[in-house]
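Here is what each chain is made of, one letter per residue.
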Amino acid sequence: MFVRRDIPWSWTFYYAWPSLLYFALVSSGVYALRTRFKTLDLEIPLEPVLIMGTALAIFLGFKNNEAYSRWWEARSIWGLGVNYSRAWARQVLTLLSADPGEREELQAMRRRLIRRQIAFIYALRVYLRTIESFPLEDTEEEPGEAGHDYDQCRKFISDEDFRAMRRSDNPPDALLQIQGQDLRAARDRNWLSDYLLVYLDQTLVELNHVQGRSERIKKTPLPRPYSYFTRVFVRIHGTLLPFAISAAFGWIMIPLSITVSFVFLSLDLIGSRTEDPFENRVDDVPLTSLARTIERNLEQALGESPLPPAIQPDHGVLY
């Protein structure tokens, strides 16, 4: 997620240069045909192009509004993940109780439950950023953070839990299953009443909801016609524009048409890259930073020190 006010032009051209090159070639070609080769009948009426531009602007505005809604929903979901993780640590530390002779064992279980929650958050982050979204698209390598690995969860859980997690098709859900089993074991040892067992289990249910809502966004894209046809219409508009203004503006038509096309291209790219917030791209929800925040909060609740450092922006991007 970009956190600086200005976005470097190098990043912009990294994503936009193929289309900008196409628009530059079209406008330059139209100018050359009209001047050097004196080719006639290249002019088309301006009015249809203006009408198309107006319709395209409305279409792009609708698409970007829906795309931002998906991005903000994803951020809100992970905000709930932060809240429920903190609530889980507080509940585990305050609601579980044991006789004096069992307090050392109880403290060990509290530590397992809280650190396993940190592992769940890291596993969910990796799961969302590595499973394939639909429909599949060829994506170029991003100029930012590299991929992710479930080995980042290993230091928070036992080897047995890690093996169970890796055997599962859904590693974060497997960790929640183990959490539930530990709660049942605590109930069997009378460290929890039936009421408190249900109370803590409800927090696990809410964490299930965090995962399920994230998966819904990941695996259910914005209806593809919105993305596909806006891309097509931007290309058509940028192709026709030089033909409509070449006679009136002369060589000025080249930078002018490229600039107008760049505006529509930028709006299209913003929507296309915002609609999928879990793709491990520079525009995405900063899952790495949020996961580190949860780790710091829960480690502090356990009294650990020193705490891991907070994630800082890298070249204006928070991952």
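Refer to the structure above for everything that follows.
Thresholds, definitions, all that
- In this numbering scheme, every chain counts its residues from 1 along its sequence in written order.
- Totals for whole chains, interfaces and linings use every residue, but because this is a predicted model, local features are given only for residues with pLDDT of at least 70 and side-chain atom pairs only at 80 or more, for both listing and counting.
- Note that water and hydrogens are dropped before the side-chain values are worked out from all heavy atoms of the structure.
- In this scheme Phe, Tyr and Trp rings, the latter by its six-membered ring, pair at centre separations within 6.5 Å, and the angle between planes marks the pair as stacked below 30 degrees, edge-to-face above 60, and tilted otherwise.
- The cut-offs for exposure are 20% and 50% of the maximum accessible area for each residue type, with area from a 1.4 Å probe on protein chains only; residues under the lower value are buried, those over the upper are exposed, and the others partly exposed.
- Comment: elements are numbered from the N terminus, with helices defined as DSSP H or I runs of at least four residues and strands as E runs of at least two.
- By definition, being over a ring means that NZ of Lys or CZ of Arg is both within 6 Å of the ring centre and within 35 degrees of the ring normal.
- By definition, residues are in contact when any of their heavy atoms lie within 4.5 Å.
- Counting of polar contacts relies on pairs of N or O atoms within 3.5 Å, with two restrictions inside protein: one atom must be capable of donating a hydrogen and the other of accepting it, and residues adjacent in sequence are counted only when both atoms are side-chain atoms.

Visitor: Talk me through the packing of aromatic side chains; I want residue IDs and the actual numbers.
Guide: Summed over the entire model, instances satisfying the criterion amount to nine aromatic pairs. Look at Tyr-14 and Tyr-15: their rings are 5.0 Å apart centre to centre, the planes differ by 90°, and that puts the pair in the edge-to-face class. Tyr-15 gets classed as buried once you look at its relative accessible area, which sits at 15%. Taking the centre distance of 6.3 Å and the plane angle of 20° together, the rings of Tyr-195 and Tyr-199 count as stacked. Taken as a pair, Tyr-195 and Tyr-199 lie in helix H6 (residues 194–219) at a separation of four residues, close to a single helical turn. We classify Tyr-195 as exposed; its relative accessible area is 61%. Tyr-199 sits in the partly exposed class, given a relative accessible area of 39%. Here the aromatic cluster, defined as three or more aromatic residues joined through ring pairs, consists of Phe-59, Tyr-228, Phe-229 and Phe-233. The positively charged end of Arg-154 is found above the aromatic ring belonging to Phe-162, 4.0 Å away from the centroid. Lying over the aromatic face of Tyr-15, Arg-273 brings its terminal NZ or CZ to 3.9 Å of the ring centre.

Visitor: Run through the environment of Glu-215, naming residues and quoting values.
Guide: Counting through the fold element by element, Glu-215 comes out in helix H6. For the pair Glu-215 and Val-232, spaced 17 residues apart in sequence, the C-alpha separation works out to 29 Å. Beyond its immediate stretch of four places on either side in the chain, Glu-215 contacts Tyr-127, Leu-128 and Asn-170. Within the structure, Glu-215 has its side chain in polar contact with the side chain of Asn-170 (distance 3.3 Å).

On their own, these measurements won't tell you what the molecule is for.
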